[in-house]
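# Structural overview for review
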Amino acid sequence: MYITEEEGKTLSFNYSYRQSFYRDPKRNHGMPEYIIVSEFMKSSDIERQVGLEILIYLRQFCFATRAMLETMLVSKGLDISMLDEILTSYVEKYLLNFFTIAQTDMQEVPDDAMKIYCLDSGAIYILTHFSSTDSVSWMTSDNIRSVELVNKYLATGLFASTLVKNKGKSVSSFIPVFDASIGKRMIRFSGVFTIMHGFTPETYILETVRSFDLPGPWMKKCGEQISVFSSGRHWQKYFESEPVYVLLCENEEVALEAAKILARGLTNQEIRLITDSYFEGDPNSVFAFDRSTQKLVPVHDKSFFAS
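Worth saying up front: this structure is predicted, and the values here are computed from it rather than measured.

Another aspect to go through is the overall build of the protein. Helix and strand counts for the protein stand at nine helices and 10 strands. In summary, the protein has a C-alpha radius of gyration of 20 Å against a globular reference of 19 Å for 307 residues, a match within 12%. With respect to the three principal axes, the spread of C-alpha positions in the protein is 60 × 45 × 40 Å. Evaluated residue by residue, the protein yields a buried proportion of 51% over its 307 residues. Look at the contacts in the protein between residues 6 or more apart in sequence, and 66% of them connect residues 24 or more apart. Positive and negative side-chain charges of the protein, numbering 31 and 39 respectively, have mean locations separated by a distance of 7 Å.

Moving on, we get to the sheet that holds strand β9 (residues 286-290). To summarise the sheet geometry, strands pair through backbone hydrogen bonds and adopt either a parallel or an antiparallel arrangement. Strand order across the open sheet formed by seven strands is β4-β5-β6-β7-β8-β9-β10, with mixed pairing between neighbours. Unpaired on one side and paired on the other, β4 (171-182) and β10 (295-298) mark the two borders of the sheet. The sheet shows a mean angle of 35 degrees between the axes of neighbouring strands, taken without regard to direction. Sheet analysis places strand β7 (residues 244-249) next to strand β8 (residues 271-275), joined by five bridges and oriented parallel. Paired with Leu247 across the bridge in β8 is Leu273. Strand contacts of helix α7 (residues 147-167): β4, β5 (185-197), β6 (200-208), β7 and β8, with the helix running at about 145 degrees to β4, the strand carrying the most contacts. Set on the sheet, helix α9 (residues 252-264) makes contact with β7, β8, β9 and β10; between it and β7 the angle comes to about 145 degrees.

Looking now at the nonpolar core. Ile54, Leu96, Phe159, Phe193 and Phe304 are the most contacted members of the largest nonpolar core, which has 70 residues in total. Residue contributions to this core peak at nine residues, all from α7. Apart from residues no more than four positions distant in its own chain, Phe193 is found in contact with Phe159, Leu163, Ser173, Phe174, Glu202, Thr203, Tyr204, Leu206, Val246 and Phe304. Judged by nonpolar contacts, the second largest core, of 31 residues, contains Phe189, Ile226, Ile261 and Leu296.

Before going further, it helps to examine unusual backbone geometry. For the bond from Leu214 to Pro215, the omega torsion is -5 degrees, close enough to zero to count as cis. Note on placement: Pro215 falls in the loop between β6 and α8 (216-231). Of note, the phi angle at Tyr94 is positive, near 65 degrees, even though the residue is not glycine. Accessibility expressed as a relative area gives 27% for Tyr94, which makes it partly exposed.

What follows is about the sheet that holds strand β1 (residues 18-21). Strand order across the open sheet formed by three strands is β1-β2-β3, with antiparallel pairing between neighbours. Two strands close off the open sheet at either side, each with one partner strand: β1 and β3 (116-119). Averaged over all pairs of adjacent strands, the angle between their axes in this sheet comes to 40 degrees, without regard to strand direction. In this sheet, β3 lies alongside strand β2 (residues 96-102) in antiparallel orientation, the contact comprising four bridges. Bridged to Phe98 within β3 is Tyr117. Seen against the sheet, helix α3 (residues 45-61) touches β2 and β3 and runs at an angle of roughly 90 degrees to β3.

Bringing α7 into the picture now. Helix length check: α7 (21 residues) gives 30 Å between terminal C-alpha atoms against 30 Å at 1.5 Å per residue, within 8%. In terms of burial, α7 is largely enclosed, as 16 of its 21 residues are buried.

The contact between helix α4 (residues 66-75) and helix α5 (residues 83-92) brings their axes to 11 Å, and the two run at 125 degrees. Considering their axes alone, α4 and α5 lie oblique with respect to each other. Relative to α5, α4 is oriented so that their crossing is right-handed. Across the interface between the two elements, Arg66, Leu69, Glu70 and Leu73 of α4 pack against Leu83, Asp84 and Leu87 of α5. In terms of residue class, the contact of α4 with α5 is built from four nonpolar, no polar and three charged.

Turning next to the packing of aromatic side chains. The tally for this structure, following the rule as stated, stands at 22 aromatic pairs. With a centroid separation of 6.0 Å and an interplanar angle of 35 degrees, the aromatic rings of Phe61 and Phe174 are classed as tilted. With Phe61 in helix α3 and Phe174 in strand β4, this pair connects stretches of sequence that are 113 residues apart. The pair formed by Phe61 and Phe174 is uniform in burial state, with each residue classed as buried. For the ring pair Phe193 and Tyr204, a centre distance of 5.0 Å and an interplane angle of 10 degrees mean the geometry is stacked. Taken as a pair, Phe193 in strand β5 and Tyr204 in strand β6 lie far apart in primary sequence, 11 residues in all. Tyr204 shares its class with Phe193; the two are buried.

Parameters and conventions
- Residues numbered from 1 in each chain as written.
- Predicted model: local features only at pLDDT ≥ 70, side-chain atom pairs only at ≥ 80, totals over all residues.
- Heavy atoms only, no water.
- Helix = DSSP H or I, 4+ residues; strand = E, 2+ residues; numbered from the N terminus.
- Rg over C-alpha atoms; globule rule 2.2 N^0.38 Å.
- Buried < 20%, exposed > 50% of the residue type's maximum accessible area, 1.4 Å probe, protein only.
- Contact = heavy atoms within 4.5 Å.
- Lys, Arg positive; Asp, Glu negative; His and termini not counted.
- Charge placed at Lys NZ, Arg CZ, Asp CG, Glu CD.
- Pairing = 2+ DSSP bridges.
- Axes fitted to C-alpha atoms, helices over the stretch in contact; angles between N-to-C directions.
- Core = buried A, V, L, I, M, F, W, Y, C linked by side-chain atoms within 4.5 Å.
- Expected span 1.5 Å × (residues − 1).
- Parallel < 35°, antiparallel > 145°, perpendicular 65-115°, else oblique.
- Left-handed = near helix turned anticlockwise from the far one by under 90°.
- Nonpolar A, V, L, I, M, F, W, Y, C, P; charged D, E, K, R; others polar.
- Phe/Tyr/Trp six-rings, centres within 6.5 Å; stacked < 30°, edge-to-face > 60°.

Take a look at the structure:
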């Protein structure tokens, strides 16, 4: 009837299910701006620091589980002892909302259900006053997504957190949801990130590909958008050289099919495939695609693991 916390760890979702929100996501909630801001200022320094990092992360990545937020905070060297208290308080104050993934709307949240946090309307006041994050364009309806997209957003966030955990400060930037123009049209990638190899930056474009994308939707995106982005050299508007294309896939079977489809629309551009076992630290989770043999080739360099 619902996705449990244990099932959620493996991003194992039933795609006939839907979001079941703690609060109606289509309405603005909570207290006036001046009260929310003044109460935030009255909290302790550590609570403000941790709370603000949570709000900034959710503005960037849209969704996160408690475990993902903990990983993010630890990577920043912050105290996580107040995390549960802050999450509870922020939900009560309409800074955060959360949902479960269930067959029908749930009146009560079971103890073992997977909770997925997102922003609520009050968070925008905090972000506007205390961060440089773009929050003007955010709407409460941004939280409403298909379960397939929720899966993709969570996978992207897990990858970013794991990458930073593995590479530390070598990850000079990670921008989820990268929109680029291809003539009069737009293309949306799951993200773009840069890793420093010594003093040399290497830029990667990330696309999170799930089994439900194959073959049709992924074939359409590669043929009508990614191949145009590459062959039309539209990447030059954003990068000095064409980035490496990274596909984040559930397993090797999905990765191989996704790589074959992508390679048809590219020439010799570099492709990397990463499976979800990367989240568990598996050194055999990174592959290149051999165009001549049409096979995945394990890559044991240090690009995505500790230097």
